[in-house]
Amino acid sequence: MKRPLLIVTISYILGIIIGVYFKQSILLILLAGITGSAFWKIIKRKKTIIIAICIVPCLWSCLQTNNLNNKYNKMYKLDDENIEITGTVCSQINETDYKYSVNIKLENKLKLTIYIDKKEDVSKFEYDNKISVVGTYKKPTGKRNYKGYDYMKYLKTKKICGSLMVDGEVNLIKTKNINPIFAVINKLSLTFKQNLKKLLPKQESELEQGILLGDTSDIESDIKGDFRKCNLSHMLAVSGAHLSYLVLGINTVLSKKTFGIRRRKILSIIFILIFMVIVNMSPSVVRAGISTIIAIFATLIYRKQDTYTTISIALLLTLLHNEHKSALNLTFLLIICKPFVGHASAHVPQSKHASASIT
């Protein structure tokens, strides 16, 4: 079979669609799919491996999506209740006008945004601390009208299940509860931001954080609005262009004679992975980062890169991390369809009148 990973990815996406939009009809649809595949196998006498490639990823993603939705719904039932919850701090502390905010990773692998009054001590909310907090839980708001903005779905793409207003005791259970590698990378990111604030004025340093790291939390809403009006919002989002600059800088700094071509490529892969973690694994960077790593790795093993296989691996790894990144599928779909559109348009005959009008 040619490009089996592409078939696996399409099957995995189909399972996500079934899990998200059909919900109660999952078992019926899966039963129908398995029965249909069995009949197809009998009629066409296809190999078992082909059936497995088509069915197993769909079943797995459907069950995973359903399980994830159950976790969200379990949390949403606690709306407006005063609860005690335990989690590990997985983000840096952000400061607003009246409160501090920080994300914690719960034991069910979901994230929760914690809001702390500025009068309180935030030393216990340092990165990688495992804490227990008491507060009032609030579930995210859904869309309020037809085709309105659904904030709940947006937070699901970040695996955030709501917010907690701390109004009780905060207990420190354990320090250094995260992988040491991620802790070191977080310190690098924090040091970089602090150095920017020392070297540049406040407004310029905030813009630099947005342009270089995609961190727009400190940028004023008026400035963000100005960027939107000028259609320059993409400048505040990290994308594949940043990885191009990163690889170009590494190739410029590291000479061929000292490190060699092979070691330089391996170092490029390592730096790309570190950069992806620094920018909080945003979808655009994950897509571009995985694609770049695969392209570099293909040259290391002397294999020709296949565009569709590369895109499939990048999309599959992204969805394995979070099945609710459905908007990401459209981006990948456009990338996959682009060569077909270009190929089709190249073979469209042009009339004499059309060519005359063009010239």
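As the structure is a computational prediction, the values presented were derived from the model and not from experiment. (Residues numbered from 1 in each chain as written. Predicted model: local features only at pLDDT ≥ 70, side-chain atom pairs only at ≥ 80, totals over all residues. Heavy atoms only, no water.)

S.K.: Whenever I open this one, the overall build of the chain confuses me. Can you help?
M.R.: On a plain count of helices and strands, the chain comes out with 13 helices and six strands. Of the contacts formed within the chain by residues at least 6 apart in sequence, a portion of 64% connects residues at least 24 apart. If you sum the accessible surface of the chain, you get close to 22700 Å²; carbon and sulfur atoms cover 61% of it. (Helix = DSSP H or I, 4+ residues; strand = E, 2+ residues; numbered from the N terminus. Contact = heavy atoms within 4.5 Å. Areas by Shrake-Rupley, 256 points an atom, 1.4 Å probe, with all protein chains shown as cover.)

S.K.: How should helix 10 (residues 283-300) be read in this particular structure?
M.R.: Side chains three or four residues apart in an α-helix point the same way, a direct result of the helix having 3.6 residues per turn. When the terminal C-alpha atoms of helix 10 are compared, their 26 Å separation across 18 residues agrees well with the 26 Å that a helix rising 1.5 Å per residue should span. Of all the residues in helix 10, the buried ones are Ser284, Val285, Val286, Ala288, Gly289, Ile290, Ser291, Ile293, Ile294, Ile296, Ala298 and Leu300. In this fold, the buried residues of helix 10 make contact with helix 8 (240-253), helix 9 (256-278) and helix 11 (307-321). Looking one or two residues past helix 10, tyrosine 302 carries a phi angle of roughly 60°, positive in sign. (Expected span 1.5 Å × (residues − 1). Buried < 20%, exposed > 50% of the residue type's maximum accessible area, 1.4 Å probe, protein only.)

S.K.: Whenever I open this one, the packing of aromatic side chains confuses me. Can you help?
M.R.: How two aromatic rings sit relative to each other is set out by the distance from centre to centre and by the angle between their planes. According to the stated counting rule, one finds four aromatic pairs in the structure shown. The interplanar angle of 40° and the centroid separation of 6.5 Å between the aromatic rings of tyrosine 149 and tyrosine 154 together place this pair among those described as tilted. Residue classification places tyrosine 149 among the exposed positions, given a relative accessible area of 56%. Ring pairs connect the aromatic residues Tyr149, Tyr151 and Tyr154, which therefore count as one cluster. Directly above the aromatic system of tyrosine 100 lies the positively charged group of lysine 118, at a separation of 5.9 Å from the ring centroid. If you follow lysine 156 out to its NZ or CZ, it ends over the ring of tyrosine 72, 5.1 Å from the centre. (Phe/Tyr/Trp six-rings, centres within 6.5 Å; stacked < 30°, edge-to-face > 60°. Lys NZ or Arg CZ within 6 Å of the ring centre and 35° of its normal.)

By themselves, these figures tell us nothing about what the structure is for.
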